[in-house]
Amino acid sequence: MSERIQTLILGSGPAGYTAAIYAARANLNPVLLTGRQPGGQLTITNEVENYPGFPKGIMGPEMMEMFREQAGRFGTRILDEVGTAVDLGKAPFQVTTESGQVFLTETLIVSTGASALYLGLPNEKALQGRGVSACATCDGFFFKNKKVYVVGGGDSACEEANFLTKYASRVYLVVRRDALRASKIMQDRVLANPKVEMLWGQNVTDVLDVKKGKVTGLELTATADGKKQQVEADGLFLAIGHQPNTELFRGKLDMDDKGYIKTVPGRTATNVPGVFASGDCQDSYYRQAITAAGSGCMAAIEVERFLEARHHG
């Protein structure tokens, strides 16, 4: 069964929900598919301190519930669905969901975000949920009085390490270089935290599960000389970056070599007229909640003007 609509939004992070708010207020009756991670990456973010309007900070999941409520208030139809197939050959564009529902939409806003990267070690995926995690906020509670390792050198890694000190007895931050890439304020916080120990010039090269089915240790390899050592560990948290969730559009929309959707400079329009991209699926540089929300606003305004030109051109 197919349904024809004016605007379909894929993704429910700050970009998708903001696009929905603006599109709904423009009487475009948008439909939003939340995707596999409703609320996006902010649902696995601890405290958001740098979003204007929240001087005392706000928990990421709480913020995204507020975004969702606001989008719904203006009439956005929000479906906890995943888009699994798209046909952008001609308008209306066809989007099929996991449940088999088909939307024929005049315009499409892609706000599918990005996902955490993993190291690619043999044991890594097998031990997910058994000591390996990419979300300290989700899983930190389970590591009370445990010894955990965090991999990464950016803001996310520092935030994860600091957050985990609320639970873990000791947190080790594994950095492959001899310096952090994080912002000055995040560096200062992690370096001043007495429960965090820095392991410079090291890579995690294996996840050990001596007790089978549970992380019991790690293999660390020195960046400089390749010297290996095994350390006891109860958990491994990954904070090494993200990849855009754009596989659905490969070969259909122009992308860069990392898979980020290319848009017209200063705008959200893609190479396909009527298809727009906002948020982390097209932004590899800023990757902030506020910039994602801003680009969602831009996408909705561009959609409104695109439809107006088509109907009155």
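Below, the structure is looked at part by part. Not measured: the values here are computed from a predicted model. (Residues numbered from 1 in each chain as written. Predicted model: local features only at pLDDT ≥ 70, side-chain atom pairs only at ≥ 80, totals over all residues. Heavy atoms only, no water.)

Along its length, the protein chain carries seven helices and 19 strands. In terms of overall dimensions, the protein chain is globule-like: its C-alpha atoms have a radius of gyration of 21 Å, near the 20 Å expected for 313 residues. In terms of its C-alpha atoms, the protein chain occupies a principal-axis envelope of roughly 70 × 40 × 35 Å. Counting over 313 residues, the protein chain shows a buried share of 49%. For the protein chain, the accessible surface area stands at approximately 15500 Å², while carbon and sulfur atoms represent 49% of it. Of note, the protein chain has its 34 positive side-chain charges centred 2 Å away from the centre of its 34 negative side-chain charges. (Helix = DSSP H or I, 4+ residues; strand = E, 2+ residues; numbered from the N terminus. Rg over C-alpha atoms; globule rule 2.2 N^0.38 Å. Buried < 20%, exposed > 50% of the residue type's maximum accessible area, 1.4 Å probe, protein only. Areas by Shrake-Rupley, 256 points an atom, 1.4 Å probe, with all protein chains shown as cover. Lys, Arg positive; Asp, Glu negative; His and termini not counted. Charge placed at Lys NZ, Arg CZ, Asp CG, Glu CD.)

Across all of its chains, the model carries zero disulfides by this definition. No disulfide involves cysteine 158; its sulfur sits 17 Å from that of cysteine 135, the nearest cysteine. On the accessibility criterion, cysteine 158 (0% relative accessible area) is buried. (Disulfide = S-S within 2.5 Å.)

Here five strands make up an open sheet; going across it, the order is 10-17-11-12-13 and the pairing parallel. Two strands close off the open sheet at either side, each with one partner strand: strand 10 (132-133) and strand 13 (196-200). (Pairing = 2+ DSSP bridges.)

What follows is about the pattern of salt bridges. Applying the stated criterion across every chain yields a total of nine salt bridges. Aspartate 188 serves as the salt-bridge partner of lysine 184, at 3.0 Å between the closest nitrogen and oxygen. Highlighted residues: lysine 184 and aspartate 188, both in helix 6 (residues 184-192), separated by four residues, approximately one helical turn. Assessed through its relative accessible area of 59%, lysine 184 is described here as exposed. Assessed through its relative accessible area of 39%, aspartate 188 is described here as partly exposed. Among the ionic pairs, arginine 267 bridges to glutamate 302, the shortest N-O distance being 3.0 Å. Remark: glutamate 302 occurs in helix 7 (residues 289-312) and arginine 267 occurs in the loop between strand 18 (242-244) and strand 19 (275-277); sequence separation between them is 35 residues. Judged by its relative accessible area of 43%, arginine 267 falls in the partly exposed class. (Salt bridge = Lys/Arg side-chain N within 4 Å of Asp/Glu carboxyl O.)

For the peptide bond that leads from alanine 91 to proline 92, omega is 0°, which places it in the cis range. Residue placement: proline 92 occurs in the loop between strand 6 (83-87) and strand 7 (93-97). The phi torsion at asparagine 29 lies on the positive side, around 50°, for a residue other than glycine. Turning to its location among the elements, asparagine 29 is positioned in the loop between helix 1 (14-25) and strand 2 (31-33).

Right, let's get into the packing of helix 1 against helix 2 (residues 60-73). Taken N-terminus to C-terminus, the directions of helix 1 and helix 2 make an angle of 25°; their axes are 8 Å apart at the nearest point. When the axes of helix 1 and helix 2 are compared, the pair comes out roughly parallel. At the point where helix 1 passes helix 2, the crossing takes the left-handed sense. Where helix 1 abuts helix 2, its residues Pro14, Tyr17, Thr18, Ala20 and Ile21 lie against Met64, Phe67, Arg68, Gln70 and Ala71. For the contact of helix 1 with helix 2, the class distribution of residues is seven nonpolar, two polar and one charged. (Axes fitted to C-alpha atoms, helices over the stretch in contact; angles between N-to-C directions. Parallel < 35°, antiparallel > 145°, perpendicular 65-115°, else oblique. Left-handed = near helix turned anticlockwise from the far one by under 90°. Contact = heavy atoms within 4.5 Å. Nonpolar A, V, L, I, M, F, W, Y, C, P; charged D, E, K, R; others polar.)

Moving on: helix 2. An α-helical turn contains 3.6 residues, so any two residues separated by three or four positions project in the same direction. If you check helix 2, its first and last C-alpha atoms are 20 Å apart, about what 14 residues at 1.5 Å a residue would give, namely 20 Å. Of all the residues in helix 2, the buried ones are Gly60, Met63, Met64, Phe67 and Ala71. Angularly, the buried residues of helix 2 cover 95° about the axis, an arc narrow enough to put them on a single face. Of the exposed residues in helix 2, the ones pointing more than 90 degrees away from its buried face are Glu65, Glu69 and Arg73. Check the buried side of helix 2 and you find it contacts helix 1, strand 3 (47-48), strand 4 (58-59) and strand 5 (77-79). Just downstream of helix 2, glycine 75 is the residue with a positive phi angle, here 105°. (Expected span 1.5 Å × (residues − 1). Arc of directions from axis to C-beta.)

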